[in-house]
Amino acid sequence: MRIFLDTANVDEIRQAAKLGVVSGVTTNPSLAAKEGIGTQGGYKKAVLEIAEIVDGPVSVEVVSLEPEAMIEEGWGIAQWHTNVVVKLPSTPAGFQAMAHLSKEGVKINQTLCFSVNQALLGAQAGAVYVSPFVGRLDDEGHDGMALVADIAEIFKKHGISTQVLAASIRHPLHCVMAARAGAHVATIPFKVLTQMTHHPLTDVGLAKFTQDWQKVSKK
Ligand code: E4P
């Protein structure tokens, strides 16, 4: 399972990239707004900077709601950089835009996916990634990870090539579960990536190794 970073914060992306474990980035309008990135070319500038840091897919979401406007906006976004993946929502307008843009060769990340049926439609419309939102389903008392597992199993059974991208990941256990459920990718906040690097026994073990080595190296 590959790891993408779910943020529009360039500093976080720079720090995470140094670890050599991140192979893509996902953004959305809320994440961009959180960083004060808006219109007037701000989103494009940030995405181009991100694409310089991470050599992998960078998902950028459309904000239009009507199919024609989504197609126009998505097409424009796709021209920003070869690694850009256009994020379209799991709505009738979104499916229409997915079908149109994917035929034109634009890579699509189907976002805001909350059911197997939506995932099946996105796959038919040519999405390269489908993003089931685990945490948001959990928040509503549903089993978000069960959706990831269902989609992964069904896609495998039918030889569907759309990749399952576990999104709305809230903690390290979600990552483990996503991998177990068969997700191809998990997109995670910087905080979760940091948590994943840590284990108290690693810290204790390293302190002991260092201490023991210092004892003999002083002799
Ligand atoms: C996915 O691509 C989304 O950007 C993201 O995972 C949403 O996560 P949230 O539910 O924590 O906002």
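Refer to the preceding data block for the structure.
Residues numbered from 1 in each chain as written. Predicted model: local features only at pLDDT ≥ 70, side-chain atom pairs only at ≥ 80, totals over all residues. Heavy atoms only, no water.

1. Quick word on the pairing of strand S1 (residues 2-6)
Then, number 1: Burial of S1 is extensive: four of the five residues sit out of reach of the surface.
Then, number 2: In terms of strand pairing, S1 meets strand S8 (residues 185-188) through four bridges, oriented parallel. Pairing of Leu5 across the sheet is with Ile188, part of S8.
Then, number 3: Relative to strand S2 (residues 24-26), S1 runs parallel, the two sharing three bridges. What sits directly across from Asp6, in S2, is Thr26.
Then, number 4: Handedness of the crossover joining S1 and S2 through helix H1 (residues 10-18): right-handed. (Buried < 20%, exposed > 50% of the residue type's maximum accessible area, 1.4 Å probe, protein only. Helix = DSSP H or I, 4+ residues; strand = E, 2+ residues; numbered from the N terminus. Pairing = 2+ DSSP bridges. Right-handed = clockwise from strand over helix to strand, strands pointing away.)

2. Some words on the side chain of Thr162
Then, number 1: With respect to the secondary-structure elements, Thr162 resides in the loop between helix H8 (144-157) and strand S7 (163-166).
Then, number 2: Separated by 2.9 Å, the side chain of Thr162 and the backbone oxygen of Ala127 make a polar contact.
Then, number 3: With near-sequence residues (within four places) excluded, Thr162 lies in contact with Ala123, Ala127, Val128, Tyr129, Val130, Phe155 and His184. (Polar contact = N/O pair within 3.5 Å; in protein donor to acceptor, adjacent residues only side chain to side chain. Contact = heavy atoms within 4.5 Å.)

3. Observations concerning the nonpolar core
Then, number 1: Formed by 59 residues in total, the largest nonpolar core has its most connected members in Leu5, Val86, Leu88, Ile108, Val148, Ile151 and Ile188.
Then, number 2: Considering each element in turn, this core owes the most residues, six residues, to H8.
Then, number 3: In terms of nonpolar packing, the next biggest core, distinct from the first, is built from five residues, Phe4, Val85, Tyr129 and Val185 among them. (Core = buried A, V, L, I, M, F, W, Y, C linked by side-chain atoms within 4.5 Å.)

4. Brief notes about the site of the ligand
Then, number 1: With respect to spatial proximity, the complete set of residues near the ligand consists of Asp6, Thr26, Asn28, Leu31, Lys87, Phe133, Arg136, Ala167, Ser168 and Arg170.
Then, number 2: At a separation of 2.7 Å, an oxygen atom of the ligand approaches a polar side-chain atom of Asn28.
Then, number 3: Take Ser168: an N or O atom from its side chain is 2.7 Å from an oxygen atom of the ligand.
Then, number 4: Residue classes in the shell around the ligand are distributed as three nonpolar, three polar and four charged. (Near = heavy atom within 4 Å. Nonpolar A, V, L, I, M, F, W, Y, C, P; charged D, E, K, R; others polar.)

5. Some remarks on the environment of Gly76
Then, number 1: Positionally, Gly76 belongs in helix H4 (residues 67-78).
Then, number 2: Under the relative-accessibility criterion, Gly76 is labelled partly exposed at 31%.
Then, number 3: Sequence spacing of Gly76 and Val86 is 10 residues, and the spatial spacing of their C-alpha atoms is 9.7 Å.

6. Here we look at the pairing of S8
Then, number 1: Side-chain alternation along S8 places Val185 and Thr187 on one buried face and Ala186 and Ile188 on a second face that is also buried.
Then, number 2: One ladder, built from two bridges, connects S7 with S8; its direction is parallel. Bridge pairing links Leu165 to Val185 in S8.
Then, number 3: Following the chain from S7 across helix H9 (residues 172-181) to the adjacent parallel S8, one finds a crossover that is right-handed.

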